[in-house]
Amino acid sequence: MFPKPIEKAAPATQWAYRIALPISLLLWLIPMIGIAITSIRPAADLAAGNYFGWPSRFAFRENYTAIFENSPIAYYIFNSFKVTLPTVLGAVALSCLTGFALGVYRFRGNLLIFFMFVAGNFVPFQILMVPVRDLTIRTGLYDTTLGLVLFHIAFQTGFCTLFMRNFIRALPYELIESARIDGISEWRIFWNIVLPLMRPAIAALAVLVFTFVWNDYFWATVLTQSKDTQPVTAGLYSLNGQWVSAWNLVSAGSIVAALPPVAMFFLMQRHFIAGLTLGATKG
Amino acid sequence: MMLKRRKIAPWLFLAPGMAMFLLYVIIPIGQSIGLSFYDWDGLGEKTWIGWHNYIELFGDDAFYVSLKNNVAFLTLYMLAVPGGLAIALFLNQNVFGIRLVKSLFFFPFVMSQVVVGLMFSWFYAPNFGLFARFIGWLTGTQVAVLADSRFAIYGIIAAGLWPQIAYCMILYLTGLSNISPDQVEAARLDGCKGPQMLWHIILPQLGPATFIAVVVTVIGALRSFDLVSIMTNGGPYGSSRVLSYYMFEQALSEYGYRMGYGAAIAVILFAIMMVFISIFLIRMIGRERSV
């Protein structure tokens, strides 16, 4: 283990480490702690210049009720779910298929198609913007949830295929060969043999795609505009303009918008990190 | 019969995913490149103007400001790699509560960049923001980071580094937990320790983690749209524009839609990104061949 385990160090060093740990954490999270405290401050504190002292009283209920009653943030959040959940389902389903095709079969063009997915996954969004927006308008899907979902499914399939394909490659190939010898059809091999083994990959991708899509801001701005379809990231941007310097409300709104992916992360931490660090261990 | 089926099967499995990916990703790249040779307001007729968009671009000061900011982004973002490594080394211990501490350090990455942008706007806000106060206390003068054309882009980069460091940290923590303990012990018996150990024994084994950290950091730096849009809208006076934001502004701004010109900016950004994507792919090809 590197660095050397701290238990083997002198007691003084151990104590220093134990003290440094929470302090560094506190410093690291200052922007977030600031926002969290601001979100429970009464507006009067901000008017009086009490920006980062102890709040004069806790206005948790007041601020959080205010953002839900006086702004469409509840709609925005609902819209985010409407976009995110179908995307997770769609992208994971498509990439189970593509990952299986690229991971199991040897055929001409396999590697080329795989690289197409990988490379496409890294392109800057702006090179897609005008044609995708145009396509969405022409198909009558501009400013609809479906329009946004279709794009997200397509784009996320790139990353998901990379992940699934590598995951399937690591499964024992003999499993598939022996099934073939038994005369099981290709679809049955996929459905009954490989898919059940892919559960951890599916879980990891589901959490990751949820977070990526929930946090998307660019496409939300490009493909939607009304409060009936805008996800919470784009919504927060317009609310920020509306709540000029009402920092207690901006903060409460930010926290509400951040909550679902954060909750997802803490609940599914292991899967999340497994997905994100794919390839970080073996070269 | 079986063999024939096995030839068709992969294409059937690929069809739906590939169709979507072609329609929404691959074909649009080609279309954008084509569009960059046209003048188009997004509604009316497209007019072929050849290289004109590019010629105009190369005489456009705003383009150079954006490009310069992209370079600054790319260079300073690289700090996330050693930054992440440093935090990972600091946290790679087995004390009580360390798992929670690691998660909390990673936490900024999970939040939307919109939220990160708002947090840092609050942090930098003149008069009351914690950072502004700190600088005021340190130097005696207040600095409105995001309203000052000298500092705005650096304020944005610093905000972006926060989640990016978290990402690199988690990559390195995973890498560190997979380091072969035998080698470390052997080196330790030989009297190797500290920075020497880090350099000769640990870093070589962290190669894959470093590679991925660099890749995601480059991509993150070139994608930097959200923070610019949230924190400054490219201002003050366009000083914090980056290519991704400038493209958006040209193509969909309130001053009228210049889709062709926007597409030309996007093509330049794409070309820059392609350099890095190619490096990544070449490395991947090498790896696939060796398997």
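Please read these numbers as outputs of a predicted model, since none were measured by experiment.

## What to know about the overall build of chain B
Inference 1: The helix and strand inventory of chain B stands at 14 helices and two strands.
Inference 2: Taken along its principal axes, the extent of the C-alpha atoms in chain B is 80 × 75 × 30 Å.
Inference 3: Here chain B, with 291 residues, has 46% of them falling under the buried criterion.
Inference 4: Put simply, 68% of the contacts in chain B that link residues at least 6 apart link residues at least 24 apart.

## Notes on the overall build of chain A
Inference 1: When helices and strands are tallied, chain A shows 15 helices and zero strands.
Inference 2: Radius of gyration (C-alpha) of chain A: 24 Å, far over the 19 Å computed for a compact globule of 283 residues.
Inference 3: Taken along the three principal axes of its C-alpha coordinates, chain A extends 75 × 65 × 30 Å.
Inference 4: Sorting the 283 residues of chain A into buried and exposed places 48% on the buried side.

## Brief notes about the packing of helix H7 (residues 126-138) of chain A against helix H13 (residues 243-252) of chain B
Inference 1: Relative orientation of the contacting elements H7 of chain A and H13 of chain B amounts to 25°, with a least axis distance of 10 Å. Viewed along their axes, H7 of chain A and H13 of chain B adopt a mutual orientation that is roughly parallel. Once H7 of chain A is placed against H13 of chain B, the crossing between them reads as right-handed. Residues Gln126, Met129 and Val130 of chain A of H7 of chain A touch H13 of chain B, and the partners they reach there are Ser244, Met247, Phe248 and Ala251 of chain B.
Inference 2: Here the residues of the contact of H7 of chain A with H13 of chain B are counted per class, giving five nonpolar, two polar and no charged.

## Points about the nonpolar core
Inference 1: In this structure, Leu205 and Val209 of chain A together with Cys168, Met169, Tyr172, Ile265 and Leu269 of chain B are the most contacted members of the largest nonpolar core, which totals 173 residues.
Inference 2: Of all the elements, helix H8 (residues 152-177) of chain B adds the most residues to this core, at 17 residues.

## Quick notes on helix H15 (residues 269-276) of chain A
Count 3.6 residues to each turn of an α-helix, and residues three or four apart come out pointing the same way.
Inference 1: Residues of H15 of chain A that are buried include every one of His271, Phe272, Ile273, Gly275 and Leu276 of chain A, and no others.
Inference 2: Buried-residue contacts for H15 of chain A involve helix H8 (145-169), helix H11 (199-214) and helix H14 (247-267) of chain A together with H8 of chain B.

## Regarding the interface of chain B and chain A
Inference 1: Contacts between the two partners involve 79 residues from chain B, matched on the other side by 80 residues from chain A.
Inference 2: Here the side of chain B that touches chain A gets 20 residues from one element, more than from any other, and that element is helix H1 (residues 2-35) of chain B.
Inference 3: When grouped by side-chain class, the residues that make up the side of chain B that touches chain A number 59 nonpolar, 15 polar and five charged.

## As for the environment of Val218 of chain B
Residues and elements named next belong to chain B.
Inference 1: Checked against the element boundaries, Val218 lands in helix H11 (residues 207-223).
Inference 2: Between the C-alpha atom of Val218 and that of Thr47, which follows or precedes it by 171 residues, the distance is 35 Å.
Inference 3: Once residues within four sequence positions are removed from consideration, Val218 is found in contact with Leu74 and Phe276.

## Quick word on the confidence of the model for chain B
Residues and elements named next belong to chain B.
Inference 1: Averaged over all residues, the pLDDT of chain B is 89; the fraction at 70 or higher stands at 98%.
Inference 2: At the level of individual helices and strands, chain B shows its lowest average pLDDT in helix H7 (residues 130-139), which scores 81, and its highest in helix H4 (residues 80-91), which scores 95.
Inference 3: Interface predicted TM-score (ipTM) for the complex: 0.92; the corresponding pTM is 0.92.

## Notes on the environment of Gln242 of chain A
Inference 1: Assignment of secondary structure puts Gln242 of chain A in helix H13 (residues 232-242).
Inference 2: Placed 23 residues apart in sequence, Gln242 of chain A and Phe265 of chain A show a C-alpha to C-alpha distance of 30 Å.

## Description of the packing of helix H3 (residues 61-77) of chain B against H8 of chain B
Residues and elements named next belong to chain B.
Inference 1: Where H3 contacts H8, the two axes come as close as 10 Å, and the packing angle between them is 35°. Where H3 crosses over H8, the two elements pack in a sense that is right-handed. Residues Asn69, Ala72, Phe73, Leu76 and Tyr77 of H3 lie in contact with H8, whose contacting residues are Ile153, Ile157, Gly160, Leu161 and Gln164.
Inference 2: Partitioned by chemical class, the residues of the contact of H3 with H8 number seven nonpolar, three polar and no charged.

## Details of unusual backbone geometry
Inference 1: Note the cis peptide between Gly235 of chain B and Pro236 of chain B, where omega equals -10°.
Inference 2: Note that Pro236 of chain B resides in the loop between helix H12 (226-231) and H13.
Inference 3: At Asp143 of chain A, a position not held by glycine, the phi torsion is positive, near 60°.
Inference 4: Its place among the elements puts Asp143 of chain A in the loop between H7 and H8.
Inference 5: A positive phi angle, close to 55°, is found at Asn233 of chain B, a residue other than glycine.

## Focus: the environment of Gly103 of chain A
Residue and element names in this part refer to chain A.
Inference 1: Tracing the backbone through its elements, the reader meets Gly103 in helix H5 (residues 73-104).
Inference 2: The exposure class of Gly103 is buried, given the 23 C-beta atoms found within 10 Å.
Inference 3: Residues Gly103 and Asn166 lie 63 residues apart in sequence; the distance between their C-alpha atoms is 6.9 Å.
Inference 4: Every residue in contact with Gly103, bar those within four places of it in the chain, is listed here: Arg165, Ile168 and Arg169.

What counts, and at which threshold
- Residues numbered from 1 in each chain as written.
- Chains lettered and ligands numbered in written order.
- Predicted model: local features only at pLDDT ≥ 70, side-chain atom pairs only at ≥ 80, totals over all residues.
- Helix = DSSP H or I, 4+ residues; strand = E, 2+ residues; numbered from the N terminus.
- Buried ≥ 20, exposed ≤ 12 C-beta atoms within 10 Å, placed from the backbone.
- Contact = placed C-beta atoms within 7 Å.
- Rg over C-alpha atoms; globule rule 2.2 N^0.38 Å.
- Axes fitted to C-alpha atoms, helices over the stretch in contact; angles between N-to-C directions.
- Parallel < 35°, antiparallel > 145°, perpendicular 65-115°, else oblique.
- Left-handed = near helix turned anticlockwise from the far one by under 90°.
- Nonpolar A, V, L, I, M, F, W, Y, C, P; charged D, E, K, R; others polar.
- Core = buried A, V, L, I, M, F, W, Y, C linked by C-beta atoms within 7 Å.
- pLDDT = per-residue confidence, 0-100.

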